[in-house]
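Structural features, examined
Residue strings, one per chain:
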Amino acid sequence: MVDVLIAGGGPTGMMLAGELALAGVEAVIVERRPTPDLVGSRAGGFHARTIEILDQRGIAGRFLTEGKPVQAAFFGTTMLDMSDFPTRHPYTLGLWQNRIERILAGWIEELGVTVRRGQDVAGLTQDDGGVDVQLAGGGSMRALYVVGADGGRSAVRKAAGIGFPGWDATRSSLIAEVQVTAETPAGMRIDEVGVHGLHLMEDGRTTRVVVTEKDLRPATEPGLADLSKALTDIYGTDFGVHSPTWISRFTDATRQAAAYRSGRVLLAGDAAHIHSPSGGQGIGLGIQDAVNLGWKLAEVVNGTAPDSLLDTYHAERHPAGARALKHTMAQAIMQKADPRVGALAETVADLLTIDEARKRVAGLISGLDVRYDFGEGHPLLGRRMPDLDVVTANGPVRLFTLLHRARAVLLNLGAPGSIDAGGWADRVQQVDATYDGGWELPVIGPVSAPAAVLIRPDGHVAWTGDGTRQGLTDALVKWFGPARH
(Lines give C-alpha, C1' and ligand atoms only; values in the text may rest on other atoms or scores of the structure.)
Protein backbone atom coordinates (compact mmCIF):
# COMPACT_ATOMS: atom_id res chain seq x y z
CA MET A 1 0.00 0.00 0.00
CA VAL A 2 1.33 3.41 -0.98
CA ASP A 3 -0.24 6.76 -0.15
CA VAL A 4 -0.58 8.06 -3.72
CA LEU A 5 0.17 6.37 -7.01
CA ILE A 6 0.76 8.81 -9.87
CA ALA A 7 0.38 7.43 -13.38
CA GLY A 8 2.69 9.39 -15.67
CA GLY A 9 6.10 10.92 -15.06
CA GLY A 10 5.87 14.01 -17.24
CA PRO A 11 5.98 17.58 -15.85
CA THR A 12 2.54 17.31 -14.23
CA GLY A 13 3.21 13.97 -12.54
CA MET A 14 6.65 15.01 -11.30
CA MET A 15 5.40 18.36 -9.97
CA LEU A 16 2.61 16.60 -8.08
CA ALA A 17 5.02 14.04 -6.66
CA GLY A 18 7.29 16.84 -5.45
CA GLU A 19 4.38 18.62 -3.77
CA LEU A 20 3.34 15.44 -1.97
CA ALA A 21 6.91 14.67 -0.89
CA LEU A 22 7.26 18.14 0.63
CA ALA A 23 4.21 17.35 2.76
CA GLY A 24 5.59 14.00 3.92
CA VAL A 25 3.31 11.89 1.74
CA GLU A 26 4.65 8.81 -0.03
CA ALA A 27 4.09 9.23 -3.76
CA VAL A 28 5.11 6.61 -6.31
CA ILE A 29 5.23 7.43 -10.01
CA VAL A 30 4.69 4.69 -12.59
CA GLU A 31 5.96 5.78 -15.98
CA ARG A 32 5.71 3.92 -19.27
CA ARG A 33 9.05 5.21 -20.64
CA PRO A 34 11.93 2.96 -19.56
CA THR A 35 14.40 5.83 -19.07
CA PRO A 36 14.05 9.44 -17.85
CA ASP A 37 15.39 10.74 -21.16
CA LEU A 38 12.73 12.27 -23.39
CA VAL A 39 13.61 11.75 -27.05
CA GLY A 40 13.47 15.08 -28.87
CA SER A 41 12.87 18.54 -27.50
CA ARG A 42 9.07 18.28 -27.71
CA ALA A 43 7.07 21.27 -26.51
CA GLY A 44 8.62 24.03 -24.51
CA GLY A 45 8.25 27.09 -22.40
CA PHE A 46 6.67 28.46 -19.27
CA HIS A 47 4.49 31.52 -18.91
CA ALA A 48 4.80 33.91 -15.95
CA ARG A 49 2.50 32.18 -13.43
CA THR A 50 4.23 28.84 -13.91
CA ILE A 51 7.62 30.49 -13.27
CA GLU A 52 6.12 32.04 -10.11
CA ILE A 53 4.95 28.61 -8.94
CA LEU A 54 8.45 27.22 -9.39
CA ASP A 55 9.75 30.30 -7.55
CA GLN A 56 7.35 29.53 -4.68
CA ARG A 57 9.14 26.20 -4.29
CA GLY A 58 12.62 27.71 -4.58
CA ILE A 59 13.47 25.95 -7.86
CA ALA A 60 12.78 28.62 -10.50
CA GLY A 61 16.48 29.43 -10.73
CA ARG A 62 17.22 25.93 -12.03
CA PHE A 63 15.01 26.62 -15.06
CA LEU A 64 16.00 30.26 -15.52
CA THR A 65 19.66 29.23 -15.74
CA GLU A 66 18.96 26.93 -18.68
CA GLY A 67 16.18 28.84 -20.42
CA LYS A 68 15.86 32.13 -22.23
CA PRO A 69 13.42 34.85 -21.07
CA VAL A 70 11.49 36.25 -24.05
CA GLN A 71 8.42 38.35 -24.65
CA ALA A 72 6.41 35.57 -26.22
CA ALA A 73 2.83 35.71 -25.01
CA PHE A 74 0.78 35.45 -28.20
CA PHE A 75 -2.88 35.56 -29.07
CA GLY A 76 -3.17 34.13 -32.56
CA THR A 77 -0.24 35.80 -34.31
CA THR A 78 -0.29 38.94 -32.14
CA MET A 79 2.48 39.29 -29.56
CA LEU A 80 1.39 40.73 -26.22
CA ASP A 81 3.95 42.82 -24.36
CA MET A 82 3.95 41.83 -20.68
CA SER A 83 6.93 43.87 -19.54
CA ASP A 84 4.74 46.18 -17.44
CA PHE A 85 3.01 43.37 -15.50
CA PRO A 86 3.45 43.46 -11.69
CA THR A 87 5.46 40.26 -11.28
CA ARG A 88 9.13 39.38 -10.93
CA HIS A 89 8.76 37.31 -14.08
CA PRO A 90 6.94 39.42 -16.72
CA TYR A 91 8.01 37.17 -19.60
CA THR A 92 7.88 33.69 -21.10
CA LEU A 93 10.76 31.30 -20.47
CA GLY A 94 11.92 29.49 -23.60
CA LEU A 95 13.01 25.99 -22.56
CA TRP A 96 12.36 22.67 -24.32
CA GLN A 97 10.37 19.98 -22.53
CA ASN A 98 13.22 17.45 -22.43
CA ARG A 99 15.27 19.92 -20.37
CA ILE A 100 12.26 20.82 -18.22
CA GLU A 101 11.76 17.14 -17.41
CA ARG A 102 15.42 16.61 -16.62
CA ILE A 103 15.38 19.46 -14.08
CA LEU A 104 12.15 18.25 -12.45
CA ALA A 105 13.53 14.70 -12.30
CA GLY A 106 16.56 16.01 -10.41
CA TRP A 107 14.31 17.85 -7.95
CA ILE A 108 12.07 14.88 -7.13
CA GLU A 109 15.13 12.65 -6.79
CA GLU A 110 16.42 15.01 -4.09
CA LEU A 111 13.03 14.70 -2.38
CA GLY A 112 13.23 10.90 -2.41
CA VAL A 113 10.34 10.21 -4.81
CA THR A 114 10.17 6.64 -6.15
CA VAL A 115 9.80 6.34 -9.93
CA ARG A 116 8.99 2.89 -11.34
CA ARG A 117 9.88 3.01 -15.02
CA GLY A 118 8.77 0.73 -17.82
CA GLN A 119 5.38 0.30 -16.16
CA ASP A 120 1.94 1.43 -17.21
CA VAL A 121 -1.54 1.36 -15.71
CA ALA A 122 -3.77 -1.20 -17.42
CA GLY A 123 -6.82 -0.91 -15.18
CA LEU A 124 -8.05 -0.13 -11.68
CA THR A 125 -10.81 -0.83 -9.20
CA GLN A 126 -11.55 1.22 -6.11
CA ASP A 127 -13.28 0.54 -2.83
CA ASP A 128 -13.81 2.44 0.42
CA GLY A 129 -10.24 1.85 1.56
CA GLY A 130 -8.16 2.40 -1.56
CA VAL A 131 -7.52 1.65 -5.21
CA ASP A 132 -6.15 -1.57 -6.72
CA VAL A 133 -4.13 -0.80 -9.83
CA GLN A 134 -3.37 -3.42 -12.47
CA LEU A 135 -0.09 -2.83 -14.31
CA ALA A 136 0.47 -3.62 -17.96
CA GLY A 137 2.67 -6.69 -18.23
CA GLY A 138 1.41 -8.09 -14.94
CA GLY A 139 1.56 -7.16 -11.31
CA SER A 140 -0.53 -4.79 -9.25
CA MET A 141 -0.26 -2.07 -6.63
CA ARG A 142 -2.64 -0.68 -4.04
CA ALA A 143 -2.83 2.99 -3.11
CA LEU A 144 -5.02 5.23 -1.00
CA TYR A 145 -5.43 7.53 -4.01
CA VAL A 146 -4.50 7.39 -7.70
CA VAL A 147 -3.82 10.41 -9.89
CA GLY A 148 -3.91 10.06 -13.64
CA ALA A 149 -1.25 12.31 -15.15
CA ASP A 150 -0.87 9.92 -18.06
CA GLY A 151 -1.73 12.15 -21.00
CA GLY A 152 -4.61 12.70 -23.38
CA ARG A 153 -5.23 8.98 -23.91
CA SER A 154 -5.21 8.45 -20.12
CA ALA A 155 -5.75 4.83 -19.11
CA VAL A 156 -6.63 6.04 -15.61
CA ARG A 157 -9.39 8.31 -16.90
CA LYS A 158 -10.86 5.51 -19.01
CA ALA A 159 -10.64 2.95 -16.20
CA ALA A 160 -12.39 5.38 -13.83
CA GLY A 161 -15.20 5.81 -16.35
CA ILE A 162 -14.78 9.58 -16.57
CA GLY A 163 -16.14 11.12 -19.77
CA PHE A 164 -13.97 13.27 -22.03
CA PRO A 165 -16.37 15.50 -23.96
CA GLY A 166 -15.26 18.22 -26.35
CA TRP A 167 -14.55 18.98 -29.99
CA ASP A 168 -12.89 16.80 -32.59
CA ALA A 169 -9.82 17.90 -34.50
CA THR A 170 -10.18 20.10 -37.57
CA ARG A 171 -6.52 19.93 -38.60
CA SER A 172 -3.35 18.06 -37.78
CA SER A 173 0.29 19.07 -37.70
CA LEU A 174 3.62 17.30 -37.60
CA ILE A 175 6.51 18.26 -35.38
CA ALA A 176 9.89 16.66 -35.88
CA GLU A 177 13.65 16.87 -35.48
CA VAL A 178 15.46 15.72 -38.61
CA GLN A 179 18.46 16.38 -40.79
CA VAL A 180 18.11 17.96 -44.24
CA THR A 181 20.19 18.04 -47.41
CA ALA A 182 18.82 21.29 -48.87
CA GLU A 183 18.78 24.84 -47.57
CA THR A 184 15.59 25.68 -45.67
CA PRO A 185 13.71 29.01 -45.56
CA ALA A 186 14.08 31.11 -42.42
CA GLY A 187 11.20 31.98 -40.11
CA MET A 188 7.59 30.91 -39.78
CA ARG A 189 5.10 30.79 -42.63
CA ILE A 190 1.33 31.14 -42.32
CA ASP A 191 -0.96 30.24 -45.21
CA GLU A 192 -4.48 28.93 -45.77
CA VAL A 193 -3.46 25.51 -44.42
CA GLY A 194 -1.90 26.72 -41.18
CA VAL A 195 1.45 27.48 -39.54
CA HIS A 196 4.75 26.06 -40.78
CA GLY A 197 8.41 26.58 -40.01
CA LEU A 198 11.88 25.05 -40.05
CA HIS A 199 14.82 26.21 -37.97
CA LEU A 200 18.30 24.97 -37.21
CA MET A 201 18.79 23.80 -33.64
CA GLU A 202 21.67 24.50 -31.27
CA ASP A 203 23.79 21.56 -32.44
CA GLY A 204 24.07 23.09 -35.91
CA ARG A 205 22.99 19.82 -37.60
CA THR A 206 19.41 19.12 -36.56
CA THR A 207 16.44 21.00 -38.01
CA ARG A 208 13.24 21.37 -36.01
CA VAL A 209 10.18 21.18 -38.26
CA VAL A 210 6.58 22.20 -37.60
CA VAL A 211 4.22 21.78 -40.55
CA THR A 212 0.42 21.72 -40.76
CA GLU A 213 -0.87 18.87 -42.91
CA LYS A 214 -2.99 19.74 -45.93
CA ASP A 215 -5.61 17.19 -44.90
CA LEU A 216 -6.62 16.14 -41.40
CA ARG A 217 -4.88 12.89 -40.50
CA PRO A 218 -5.70 10.48 -37.67
CA ALA A 219 -3.83 10.82 -34.40
CA THR A 220 -1.53 7.88 -35.18
CA GLU A 221 2.26 7.77 -35.03
CA PRO A 222 3.59 9.34 -38.24
CA GLY A 223 6.68 8.34 -40.20
CA LEU A 224 9.24 10.06 -42.39
CA ALA A 225 7.03 9.57 -45.46
CA ASP A 226 4.24 11.56 -43.77
CA LEU A 227 6.67 14.40 -43.00
CA SER A 228 8.04 14.38 -46.54
CA LYS A 229 4.52 14.61 -48.01
CA ALA A 230 3.43 17.40 -45.67
CA LEU A 231 6.52 19.50 -46.48
CA THR A 232 6.16 18.89 -50.23
CA ASP A 233 2.48 19.92 -50.09
CA ILE A 234 3.44 23.26 -48.51
CA TYR A 235 6.91 24.09 -49.82
CA GLY A 236 7.07 22.07 -53.05
CA THR A 237 10.03 20.11 -51.61
CA ASP A 238 10.84 18.04 -48.55
CA PHE A 239 14.36 19.57 -48.28
CA GLY A 240 15.80 16.04 -48.32
CA VAL A 241 14.66 15.24 -44.77
CA HIS A 242 16.33 12.17 -43.30
CA SER A 243 17.61 10.64 -40.06
CA PRO A 244 14.69 11.72 -37.82
CA THR A 245 15.34 11.88 -34.08
CA TRP A 246 11.59 11.85 -33.55
CA ILE A 247 8.37 12.70 -35.38
CA SER A 248 5.04 13.34 -33.71
CA ARG A 249 1.56 14.44 -34.78
CA PHE A 250 -0.66 16.84 -32.84
CA THR A 251 -4.09 18.24 -33.58
CA ASP A 252 -6.41 21.01 -32.41
CA ALA A 253 -8.79 18.53 -30.76
CA THR A 254 -10.13 20.11 -27.58
CA ARG A 255 -11.53 17.99 -24.77
CA GLN A 256 -11.96 18.27 -21.01
CA ALA A 257 -12.71 15.58 -18.46
CA ALA A 258 -16.30 15.76 -17.23
CA ALA A 259 -14.96 15.40 -13.68
CA TYR A 260 -11.46 15.82 -12.29
CA ARG A 261 -12.35 13.42 -9.48
CA SER A 262 -14.14 10.11 -9.20
CA GLY A 263 -13.88 8.84 -5.63
CA ARG A 264 -10.23 8.04 -4.96
CA VAL A 265 -9.16 8.70 -8.55
CA LEU A 266 -8.16 12.18 -9.73
CA LEU A 267 -6.92 13.60 -13.04
CA ALA A 268 -4.35 16.29 -13.81
CA GLY A 269 -2.62 17.74 -16.86
CA ASP A 270 -3.38 16.32 -20.31
CA ALA A 271 -5.37 13.48 -18.74
CA ALA A 272 -7.85 16.16 -17.68
CA HIS A 273 -7.68 18.43 -20.73
CA ILE A 274 -6.27 18.45 -24.26
CA HIS A 275 -6.19 21.41 -26.60
CA SER A 276 -4.36 23.06 -29.47
CA PRO A 277 -0.81 24.09 -28.49
CA SER A 278 -1.68 27.63 -29.63
CA GLY A 279 -0.62 29.99 -26.85
CA GLY A 280 1.79 27.50 -25.27
CA GLN A 281 -0.28 26.86 -22.14
CA GLY A 282 -0.11 23.07 -21.97
CA ILE A 283 2.74 22.43 -19.50
CA GLY A 284 1.74 25.41 -17.35
CA LEU A 285 -1.86 24.26 -16.98
CA GLY A 286 -0.67 20.84 -15.83
CA ILE A 287 1.74 22.29 -13.28
CA GLN A 288 -1.02 24.56 -11.95
CA ASP A 289 -3.27 21.50 -11.62
CA ALA A 290 -0.54 19.67 -9.69
CA VAL A 291 0.13 22.52 -7.27
CA ASN A 292 -3.59 23.02 -6.61
CA LEU A 293 -4.10 19.32 -5.92
CA GLY A 294 -0.89 18.39 -4.12
CA TRP A 295 -1.36 20.10 -0.74
CA LYS A 296 -5.04 19.14 -0.59
CA LEU A 297 -4.30 15.49 -1.26
CA ALA A 298 -1.51 15.60 1.33
CA GLU A 299 -3.82 16.99 4.01
CA VAL A 300 -6.41 14.29 3.35
CA VAL A 301 -3.81 11.50 3.37
CA ASN A 302 -2.24 12.90 6.53
CA GLY A 303 -5.65 13.02 8.20
CA THR A 304 -5.69 16.74 8.98
CA ALA A 305 -8.52 17.59 6.57
CA PRO A 306 -11.64 15.69 5.47
CA ASP A 307 -11.87 13.88 2.14
CA SER A 308 -14.35 16.54 0.95
CA LEU A 309 -11.44 18.98 0.55
CA LEU A 310 -10.60 17.12 -2.67
CA ASP A 311 -13.88 18.30 -4.22
CA THR A 312 -12.45 21.83 -4.29
CA TYR A 313 -9.82 20.63 -6.79
CA HIS A 314 -12.48 20.11 -9.47
CA ALA A 315 -14.40 23.20 -8.36
CA GLU A 316 -11.32 25.39 -8.88
CA ARG A 317 -9.34 23.82 -11.71
CA HIS A 318 -12.17 22.70 -14.01
CA PRO A 319 -13.43 26.28 -14.65
CA ALA A 320 -9.84 27.55 -15.01
CA GLY A 321 -9.13 24.80 -17.54
CA ALA A 322 -12.37 25.41 -19.44
CA ARG A 323 -11.52 29.09 -19.77
CA ALA A 324 -8.04 28.34 -21.09
CA LEU A 325 -9.38 25.76 -23.56
CA LYS A 326 -11.91 28.22 -24.94
CA HIS A 327 -9.15 30.70 -25.71
CA THR A 328 -6.86 28.10 -27.32
CA MET A 329 -9.70 27.29 -29.72
CA ALA A 330 -10.06 30.97 -30.57
CA GLN A 331 -6.31 31.29 -31.09
CA ALA A 332 -6.06 28.20 -33.29
CA ILE A 333 -8.69 29.59 -35.67
CA MET A 334 -6.59 32.69 -36.27
CA GLN A 335 -3.41 30.82 -37.13
CA LYS A 336 -4.32 30.61 -40.79
CA ALA A 337 -3.93 33.07 -43.65
CA ASP A 338 -7.37 32.50 -45.10
CA PRO A 339 -8.73 35.92 -46.21
CA ARG A 340 -11.75 35.70 -43.92
CA VAL A 341 -9.69 34.51 -40.96
CA GLY A 342 -7.14 37.18 -41.81
CA ALA A 343 -9.82 39.85 -41.51
CA LEU A 344 -10.74 38.53 -38.06
CA ALA A 345 -7.08 38.33 -37.00
CA GLU A 346 -6.46 41.91 -38.06
CA THR A 347 -9.52 43.10 -36.15
CA VAL A 348 -8.41 41.27 -33.00
CA ALA A 349 -4.83 42.55 -33.37
CA ASP A 350 -6.19 46.09 -33.61
CA LEU A 351 -8.28 45.61 -30.47
CA LEU A 352 -5.25 44.27 -28.61
CA THR A 353 -3.49 47.61 -29.06
CA ILE A 354 -5.94 48.89 -26.42
CA ASP A 355 -4.10 48.63 -23.11
CA GLU A 356 -6.94 47.12 -21.12
CA ALA A 357 -7.60 44.48 -23.78
CA ARG A 358 -3.89 43.60 -24.02
CA LYS A 359 -3.62 43.20 -20.25
CA ARG A 360 -6.76 41.11 -20.00
CA VAL A 361 -5.69 38.63 -22.68
CA ALA A 362 -2.05 38.53 -21.52
CA GLY A 363 -3.26 37.92 -17.98
CA LEU A 364 -5.19 34.89 -19.14
CA ILE A 365 -2.40 33.42 -21.29
CA SER A 366 0.23 33.97 -18.58
CA GLY A 367 -1.99 32.47 -15.87
CA LEU A 368 -1.50 35.55 -13.69
CA ASP A 369 -5.20 36.43 -13.63
CA VAL A 370 -6.52 33.11 -12.28
CA ARG A 371 -9.07 33.68 -9.55
CA TYR A 372 -10.74 30.87 -7.65
CA ASP A 373 -14.26 31.73 -6.51
CA PHE A 374 -14.20 32.07 -2.73
CA GLY A 375 -17.14 34.49 -2.69
CA GLU A 376 -17.23 38.25 -2.24
CA GLY A 377 -14.42 40.12 -0.56
CA HIS A 378 -11.10 41.86 -1.13
CA PRO A 379 -9.80 41.69 -4.75
CA LEU A 380 -6.93 39.51 -3.47
CA LEU A 381 -9.33 36.77 -2.37
CA GLY A 382 -8.86 33.68 -4.57
CA ARG A 383 -6.02 35.26 -6.56
CA ARG A 384 -2.33 34.49 -6.43
CA MET A 385 -0.42 36.36 -3.72
CA PRO A 386 2.14 38.89 -5.04
CA ASP A 387 5.77 38.18 -4.19
CA LEU A 388 6.20 41.13 -1.82
CA ASP A 389 9.43 42.22 -0.18
CA VAL A 390 8.35 42.20 3.47
CA VAL A 391 10.36 42.90 6.62
CA THR A 392 10.16 40.50 9.57
CA ALA A 393 11.87 40.49 12.97
CA ASN A 394 14.65 38.50 11.29
CA GLY A 395 15.08 41.04 8.50
CA PRO A 396 13.80 41.44 4.93
CA VAL A 397 12.38 38.42 3.11
CA ARG A 398 10.70 37.71 -0.21
CA LEU A 399 7.23 36.36 0.39
CA PHE A 400 7.65 33.43 -2.00
CA THR A 401 10.51 32.10 0.13
CA LEU A 402 7.96 31.51 2.90
CA LEU A 403 6.24 29.00 0.57
CA HIS A 404 9.32 26.93 -0.27
CA ARG A 405 8.23 24.04 1.97
CA ALA A 406 4.65 24.11 0.60
CA ARG A 407 3.16 25.23 3.92
CA ALA A 408 0.39 27.77 4.34
CA VAL A 409 1.25 31.25 5.66
CA LEU A 410 -0.74 33.61 7.87
CA LEU A 411 0.90 36.95 7.13
CA ASN A 412 0.11 39.58 9.75
CA LEU A 413 0.87 43.12 8.61
CA GLY A 414 -0.71 44.78 11.64
CA ALA A 415 0.58 45.02 15.22
CA PRO A 416 2.82 42.03 16.04
CA GLY A 417 0.81 39.24 17.66
CA SER A 418 -2.56 40.83 16.82
CA ILE A 419 -3.48 37.84 14.61
CA ASP A 420 -2.38 34.25 15.19
CA ALA A 421 -3.02 30.80 13.73
CA GLY A 422 -4.22 29.38 17.07
CA GLY A 423 -5.03 25.67 16.83
CA TRP A 424 -3.69 25.53 13.27
CA ALA A 425 -0.12 26.55 14.14
CA ASP A 426 1.08 23.03 13.27
CA ARG A 427 -0.11 23.50 9.66
CA VAL A 428 0.06 27.26 9.13
CA GLN A 429 3.19 29.41 9.51
CA GLN A 430 2.51 32.61 11.38
CA VAL A 431 4.61 35.56 10.17
CA ASP A 432 4.49 39.08 11.58
CA ALA A 433 5.87 41.56 9.05
CA THR A 434 5.69 45.07 7.69
CA TYR A 435 5.28 46.17 4.10
CA ASP A 436 5.20 49.77 3.00
CA GLY A 437 4.97 49.35 -0.78
CA GLY A 438 1.94 49.43 -3.05
CA TRP A 439 -0.33 46.50 -3.79
CA GLU A 440 -0.93 45.85 -7.49
CA LEU A 441 -2.53 42.85 -9.16
CA PRO A 442 -2.17 41.83 -12.82
CA VAL A 443 -5.10 43.06 -14.94
CA ILE A 444 -6.86 44.50 -11.84
CA GLY A 445 -4.29 47.20 -11.02
CA PRO A 446 -3.75 48.84 -7.58
CA VAL A 447 -5.75 47.46 -4.64
CA SER A 448 -6.05 48.48 -0.99
CA ALA A 449 -3.61 47.01 1.53
CA PRO A 450 -5.05 44.28 3.78
CA ALA A 451 -4.08 44.05 7.45
CA ALA A 452 -3.50 40.28 7.23
CA VAL A 453 -3.55 37.56 4.58
CA LEU A 454 -3.97 33.77 4.76
CA ILE A 455 -2.03 32.22 1.89
CA ARG A 456 -2.58 28.61 0.85
CA PRO A 457 0.41 26.42 -0.06
CA ASP A 458 -0.35 26.96 -3.77
CA GLY A 459 0.10 30.71 -3.30
CA HIS A 460 -3.58 31.67 -3.55
CA VAL A 461 -5.15 33.95 -0.95
CA ALA A 462 -7.78 32.18 1.18
CA TRP A 463 -8.68 35.07 3.51
CA THR A 464 -7.88 38.75 4.00
CA GLY A 465 -8.20 40.59 7.31
CA ASP A 466 -9.14 44.15 8.20
CA GLY A 467 -7.48 44.09 11.64
CA THR A 468 -9.89 41.60 13.20
CA ARG A 469 -10.23 37.80 13.12
CA GLN A 470 -13.58 37.97 11.36
CA GLY A 471 -13.85 35.01 8.97
CA LEU A 472 -10.37 33.66 9.78
CA THR A 473 -11.49 30.62 11.78
CA ASP A 474 -13.95 29.62 9.03
CA ALA A 475 -11.20 29.88 6.41
CA LEU A 476 -8.77 27.85 8.52
CA VAL A 477 -11.33 25.10 9.07
CA LYS A 478 -12.32 25.04 5.38
CA TRP A 479 -8.78 24.69 4.04
CA PHE A 480 -6.82 23.05 6.84
CA GLY A 481 -9.30 20.95 8.80
CA PRO A 482 -10.25 21.12 12.50
CA ALA A 483 -8.06 22.92 15.03
CA ARG A 484 -5.69 20.98 17.23
CA HIS A 485 -6.29 21.66 20.93
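Description of the structure in this document. (Residues numbered from 1 in each chain as written. Predicted model: local features only at pLDDT ≥ 70, side-chain atom pairs only at ≥ 80, totals over all residues. Heavy atoms only, no water.)

1. Considerations on the overall build of the chain
Put simply, the rule is: Numbering of helices and strands runs from the N terminus; a helix is a DSSP stretch of H or I covering at least four residues, while a strand is a stretch of E covering at least two. Computation of the radius of gyration draws on C-alpha atoms, with the globule rule given as 2.2 Å multiplied by the number of residues to the power 0.38. The cut-offs for exposure are 20% and 50% of the maximum accessible area for each residue type, with area from a 1.4 Å probe on protein chains only; residues under the lower value are buried, those over the upper are exposed, and the others partly exposed. Residue contacts follow a heavy-atom distance rule, with two residues in contact if any of their heavy atoms lie within 4.5 Å. The Shrake-Rupley method, run with a 1.4 Å probe sphere, supplies the accessible areas, and residue values consider only the shown protein chains as cover.
A tally of helices and strands in the chain yields 11 helices and 29 strands. In terms of overall dimensions, the chain is globule-like: its C-alpha atoms have a radius of gyration of 23 Å, near the 23 Å expected for 485 residues. Considering the chain as a whole, with its 485 residues, one finds that 54% of them fall into the buried category. Taking all contacts inside the chain whose residues are at least 6 apart in sequence as the whole, residues at least 24 apart take part in 69%. About 20000 Å² of surface is accessible on the chain, with carbon and sulfur atoms providing 52% of the total.

2. Quick look at the pairing of strand S28 (residues 452-455)
To keep it simple, the criterion reads: At least two bridges found by DSSP between two strands is the condition for calling them paired.
Alternating residues of S28 divide into Ala452 and Leu454 and Val453 and Ile455, and every residue in both groups is buried. Relative to S28, strand S24 (residues 408-412) is paired through four bridges, and the arrangement is antiparallel. Bridge pairing in S28 links Val409 to Ile455. Sheet topology places S28 next to strand S29 (residues 461-465); four bridges connect them, and they run antiparallel. Across the sheet, the residue bridging to Leu454 is Trp463, located in S29. Joining the antiparallel neighbours S28 and S29 is a turn of five residues, in which Gly459 adopts a positive phi near 90°.

3. Considering the sheet that holds strand S15 (residues 195-200)
For clarity, the cut-off: Whenever a helix is involved, its axis is fitted only over the stretch in contact; in every case the axis is a line through C-alpha atoms, and angles between N-to-C directions fall within 0 to 180 degrees.
What the five strands build is an open sheet, ordered S14-S15-S16-S13-S17; its pairing is antiparallel. A strand with exactly one partner marks an edge of an open sheet, and here the two such strands are strand S14 (188-190) and strand S17 (242-251). Taken pair by pair, the neighbouring strands of this sheet meet at an average axis angle of 15°, ignoring direction. By the bridge criterion, seven bridges tie strand S13 (residues 172-179) to S17 in an arrangement that is antiparallel. Pairing of Glu177 across the sheet is with Trp246, part of S17. Its contacts with the sheet put helix H6 (residues 224-235) on S13, S14, S15, strand S16 (207-212) and S17, and the angle it makes with S16 is roughly 70°.

4. Points about H6
Here is the rule: Any helix carries an expected span of 1.5 Å times its number of residues minus one. Arc, as used here, means the arc of the directions from the helix axis to the C-beta atoms.
Its 12 residues give H6 an end-to-end C-alpha distance of 16 Å, which sits within 8% of 16 Å, the value for a rise of 1.5 Å per residue. The complete set of buried residues in H6 reads Leu227, Ser228, Ala230, Leu231, Ile234 and Tyr235. Summarising the axial view, the buried residues of H6 lie within an arc of 165°, below the 170-degree limit, and thus occupy one face. Next to the buried residues of H6 lie S13, S14, S15, S16 and S17. Just downstream of H6, Gly236 is the residue with a positive phi angle, here 80°.

5. Some details on the side chain of Thr207
As for its placement among the helices and strands, Thr207 is situated in strand S16. According to the relative accessible area criterion, Thr207 is buried, its value standing at 2%. Those residues in contact with Thr207 that lie beyond four places of it in its chain are Ala176, Glu177, Val178, Val180, Leu198, His199, Leu200 and Met201.

6. As for the sheet that holds strand S21 (residues 273-274)
Spatial ordering of the open sheet is given by S12-S18-S21, a layout of three strands whose pairing is antiparallel. For this open sheet the edge positions go to strand S12 (166-167) and S21, each flanked by a neighbour on one side alone. Bridge count for S12 against strand S18 (residues 254-256) is two bridges, and the pairing is antiparallel. Counted as the bridge partner of Trp167 is Thr254 from S18. Contacts from helix H8 (residues 311-333) reach S12, S18 and S21 within the one sheet, and its direction differs from that of S18 by about 175°.

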